[in-house]
Every structure is written in C-alpha cells, then in structure tokens.
Amino acid sequence: MPLDGRGLSWPDDGMTEDKHDLDGAYALKTPGDSERYYRDWATKYDADFAEAMEYRSPSVIAAAYAAMGGTGPVLDVGAGTGLVGEALARVGIGPIDGIDISAEMLAVAAQKGAYRDTVKADLTQPLPLPDDAYAGCISAGTFTTGHVGPDAFAELMRITRPGGCFAVTVHSAFYEAAGFAALFQRLGGKIADFRTEPFRIYGDGAAGDHGDDTGWIVSFRKA
C-alpha cells in the first residue's frame, strides 16, 4: 500500500460516487473516515445533496443567529462547502471564518467569497485558534450521527468571548443519545439564554428515507 504525507493511504472501497449520500455520511466512524468521504464528495455536494434534498439547516441557523443578535467575527463550525457562510452573508453578518476537517470542502467554500479565512482542523481535537477570538459560533449539520459529538463544545467555548452567541443544529436522533442534552445541563452557569426549537431539516420535496428528518436549533450565550 503506497505512502502519502499522512502515512498509509486508504483504498476507496465503498467510497464510490453512488455511495455519497446521507446513509454513507451517517455511517462514518472516525475523523479520518470523514476526511476521505468528503474529499470525494466536495465538488458535487451542493448539487447532489443540498439542492436535491432542499437542505434547510444553513438558512434556518443563520436566521436564528441573526435573531439572537449574533455578530461577527463568527466561526462556522463544520463549514463544509460554505452554505452557512452564504446564508450569514445574505443577512449581513461578518466577518466569517470557516473550520472543517475537509480541505476539499473548504476549497469549495472559499470560492464563494463569504469567508474571511478557512481553517482545516479536526473538531475533536484542540483547535489552532486563540482564546476569545470570536463573537459567536454557528453550525449546521455537523452535530449529527457519524460526525462530531458534544465534547467539541469545550474548545468552542474557549475560543468564544463572554457574551458570545451560539446557534447550532443537532440532529434529533442524536441529541439525547449522544449526550448533547446532558452536556448543556452540565454547563449550567457557564451559559445563558439557553433555548431549543425543533425544525425540519429538509424541504417538502426531499425524497428518500431521511426526507422527514428533524433536528433541534440550539442557541445560547457564553456567560
């Protein structure tokens, strides 16, 4: 097996074009799985997934962030191809930085012109960002099955200023089972104005087994 800059390369078995869908994404187990999967999906993600499924989460979460008075600089957590950045720019919020594990997804995001900067990083590890760097964090579709769990909030809290806004989506099937509900309860006095609101992730035209999936809009401020 050949070597690349990160060590042993991985075969693409099971990562063929017809496997790039929600079932494949939800089956991911490790950050390395995500990096490989989205590397190969990046250029087709917007058309194959976001447009085809009438993906509502980016615009919904941008509206929620704006409604709570969120400002920039804001970090788009799990920025992917930049759908949230575009939605924030449409409501006049910036500057926006994007962070994601996939360099290829971030390359697509950077081309859209909504981001001040993009950062490739693993959200399950310490982030290469300074304390209190942001006035808020926003995220759509990252806190879900096979992706990022509640432990990531320790670093997100660190890099957000006191009083900073958080607005994120969490898949409803993942919210209690993965420990998000327990985490927010434990944070207690470290957060204020905590709120959850249910929403439909996809539009009425979405087909397939996941068309009716729901999530929670989770918002709060760092105390």
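Use the structure listed above.
Everything numeric here is computed off the predicted structure, so don't read it as measured data. Residue positions are counted from 1 within each chain, in the order its sequence is given. With the structure being a predicted model, the display of local features is reserved for residues of pLDDT at least 70 and the display and counting of side-chain atom pairs for 80 or more, all residues being used for whole-chain, interface and lining totals. The basis for every side-chain value is the complete set of non-hydrogen atoms in the structure, without hydrogens or water.

Draft legend 1. Representation of the overall build of the chain. Only DSSP runs of H or I with at least four residues qualify as helices, and only runs of E with at least two residues qualify as strands; both kinds are numbered from the N terminus onward. Secondary structure summary: the chain contains nine helices and nine strands in total. Residues classed as buried in the chain amount to 52% of the 223 residues present. Residue contacts are defined here by distance: any two heavy atoms, one from each residue, within 4.5 Å place the two residues in contact. When contacts within the chain are restricted to residue pairs at least 6 apart in sequence, those whose partners lie at least 24 apart make up 68%. We get accessible surface area from the Shrake-Rupley algorithm with a probe of 1.4 Å; when it comes to residues, only the shown protein chains can shield them. As displayed, the chain has an accessible area near 10400 Å², and 52% of this comes from carbon and sulfur atoms. Three exposure classes are used, based on accessible area relative to the maximum for each residue type with a 1.4 Å probe and protein chains only: buried under 20%, partly exposed in between, and exposed over 50%.

Draft legend 2. Representation of the packing of aromatic side chains. We call Phe, Tyr and Trp rings a pair once their centres come within 6.5 Å, taking the six-membered ring for Trp, and we label the pair stacked below 30 degrees between planes, edge-to-face above 60, and tilted otherwise. Overall, the coordinates contain 18 aromatic pairs when judged by the stated rule. Note on F143 and F180: the rings are 5.7 Å apart at their centroids and 75 degrees apart in plane angle, and the pair reads as edge-to-face. One end of the pair, F143, is in strand β6 (residues 134–143); the other, F180, is in helix α9 (residues 180–187), and 37 residues separate them in sequence. Taking the relative accessible area as the measure of exposure, F180 reaches 0% and is therefore buried. When the ring of F153 is compared with that of F166, the centres are 6.3 Å apart and the planes differ by 40 degrees; the resulting orientation is tilted. You can see F153 sitting in helix α7 (residues 153–158) and its partner F166 sitting in strand β7 (residues 160–171), a full 13 residues away along the chain. F166 matches F153 in its accessibility class, with the two residues each being buried. Through a chain of ring-to-ring contacts, the aromatic side chains of F143, F153, F166, F174, Y175, F180, F184, F194, W216 and F220 assemble into a single cluster.

Draft legend 3. Here's a closer look at the sheet that holds strand β5 (residues 117–120). DSSP calls a pair of strands paired once it identifies at least 2 bridges connecting them. Across the sheet, which stays open at both edges, the seven strands sit in the order β5-β4-β3-β6-β7-β9-β8 with mixed pairing between neighbours. Each of the sheet's edge strands pairs with one partner strand only, and the pair in question is β5 and β8 (191–200). Neighbouring strand axes in the sheet, compared pairwise and without regard to direction, differ in orientation by 15 degrees on average. Here helix α4 (residues 57–67) sits on the sheet and contacts β3 (74–77), β6, β7, β8 and β9 (214–222); the angle it forms with β6, its principal contact strand, is near 155 degrees. Note on definitions: angles span 0 to 180 degrees between N-to-C directions of axes, and those axes are lines fitted to C-alpha atoms, for helices only across the stretch in contact.

Draft legend 4. Spotlight on unusual backbone geometry. The amide bond that connects G72 to the next residue, P73, takes the cis arrangement and shows omega of 0 degrees. A cis amide bond, omega 0 degrees, links G94 with the succeeding residue P95. Relative to the elements of secondary structure, P95 occurs in the loop between α5 (83–90) and β4 (96–100).

Draft legend 5. Focus on the nonpolar core. Judged by nonpolar contacts, the single largest core of 36 residues is most densely connected at F49, Y55, I61, Y65 and L88. For this core, the secondary structure elements donating two or more residues are α3 (45–51), α4, α5, α6 (103–110), β6 and β7. The biggest single contributor to this core is α4, with five residues. Not counting the four nearest positions on each side in its chain, L88 is found in contact with A62, Y65, V74, I93, I96 and I138. Put simply, buried Ala, Val, Leu, Ile, Met, Phe, Trp, Tyr and Cys residues joined by side-chain atoms within 4.5 Å make one nonpolar core.

Draft legend 6. Examining α9 more closely. Along α9, the residues classified as buried are F180, L183, F184 and L187. Across the axial projection of α9, the buried residues extend over an arc of 95 degrees, all falling on one side. Within α9, the exposed residues directed more than 90 degrees away from the buried face are Q185 and R186. Tucked into the core, α9 has its buried residues touching β6, α7, β7, α8 (172–175), β8 and β9. Directly beyond the C-terminal end of α9, a positive phi value near 45 degrees is found at G188. By construction, the arc corresponds to the directions joining the helix axis to the C-beta atoms.

Draft legend 7. Just the pattern of salt bridges, in detail. One side-chain nitrogen of Lys or Arg within 4 Å of one carboxyl oxygen of Asp or Glu is enough to make a salt bridge. Under the definition given, this model contains ten salt bridges. As a salt-bridge pair, K112 and E86 come within 3.4 Å of each other at their nearest N and O atoms. A residue pair is termed long-range when its members are at least 10 positions apart, and K112 in the loop between α6 and β5 and E86 in helix α5 qualify at 26 residues. A relative accessible area of 26% means that E86 is categorised as partly exposed.

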